[in-house]
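Report on the structure
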Amino acid sequence: MQSKVKWPENFKRTKARESILSVLENASEPLSAADIYSKVDGKGEEVWLSTVYRTLDQLVDRGVVIKATITVGGKALYELHRETHRHYAICLACNKVIQLEDCPLENFMLKIKDSQFKVTGHNLEVFGYCIDCKTKI
Ligand SMILES: [Zn+2]
Ligand SMILES: [Zn+2]
């Protein structure tokens, strides 16, 4: 699958790199390096977990991929750097990550004068139990 993401400059195109980017592009939630590794298809090229880690680092450096603000089970998660950001809810029982429909802080207004602080972003972590686990607790 050809990635629709703008290819970073000075970044050699390889099948493995293209595949890693397209896995992230098609993901509905942030993925760990191991998740990505399990989905990558190098189309004949050998892809190692270390390749995935290295590629992720390079993509983060280039601003194409960001480290998600949530971690599940202590693992770093990665997602595409999109124009609109996303928030996620994490299930405390099964670690499932669910994308929230929109940003609850979209219309949030800081109660201090604009001149005193410039907001450039925010983190939000929502946790609880998913529908499957809710019935078991
Ligand atoms: Zn759950
Ligand atoms: Zn937000």
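In this report, we go over the structure that sits alongside the text. Starting from 1, residues in each chain are numbered consecutively following that chain's sequence as written. Numbering of ligands from 1 and lettering of chains from A proceed in the order in which they are written. Since the coordinates come from a predicted model, pLDDT governs what is reported: local features require at least 70, and pairs of side-chain atoms require 80 or more to be given and counted, while whole-chain, interface and lining totals use all residues.

**So, the overall build of the protein chain**
The criterion, for reference: By definition, any uninterrupted DSSP run of H or I lasting at least four residues is a helix, any uninterrupted run of E lasting at least two residues is a strand, and each is numbered from the N terminus. To sort residues by exposure, count the other C-beta atoms lying within 10 Å of each residue's C-beta; 20 or more gives buried, 12 or fewer gives exposed, and values between give partly exposed, all with C-beta atoms placed from the backbone. Residues are defined as contacting one another if the C-beta atoms placed from their backbone atoms lie within 7 Å.
For the protein chain, the count of helices and strands is 4 helices and 5 strands. Listing every helix and strand of the protein chain by position from the N terminus yields α-α-α-β-β-β-β-β-α. Reported as C-alpha extents along the three principal axes, the dimensions of the protein chain are approximately 55 × 50 × 25 Å. Burial analysis of the protein chain (137 residues in total) assigns 18% to the buried set. When contacts within the protein chain are restricted to residue pairs at least 6 apart in sequence, those whose partners lie at least 24 apart make up 48%.

**A closer look at the pairing of strand E2 (residues 75-80)**
Here is the rule we go by: Each pair of strands is called paired provided DSSP finds at least two bridges between the two strands.
Two strands pair when backbone bridges link them, and strand E1 (residues 65-72) and E2 are joined in this way by 5 bridges, in the antiparallel orientation. The residue of E2 that forms the bridge with Lys67 is Tyr78. A loop of 2 residues connects E1 with E2, the two strands running antiparallel in sequence, and Gly73 in this loop sits at a positive phi of about 60°.

**Points about unusual backbone geometry**
Leave glycine aside and you will find that most residues have negative phi; peptide bonds, for their part, are mostly trans. The phi angle at Asn10 is positive, at roughly 55°, despite the residue not being glycine. Looking at the secondary structure, you find Asn10 in the segment before helix H1 (15-25). Assessed through the 5 C-beta atoms surrounding it within 10 Å, Asn10 is described here as exposed. The phi torsion at Asn95 lies on the positive side, around 65°, for a residue other than glycine. Considering the arrangement of structural elements, one finds Asn95 in the loop between strand E3 (88-91) and strand E4 (97-99).

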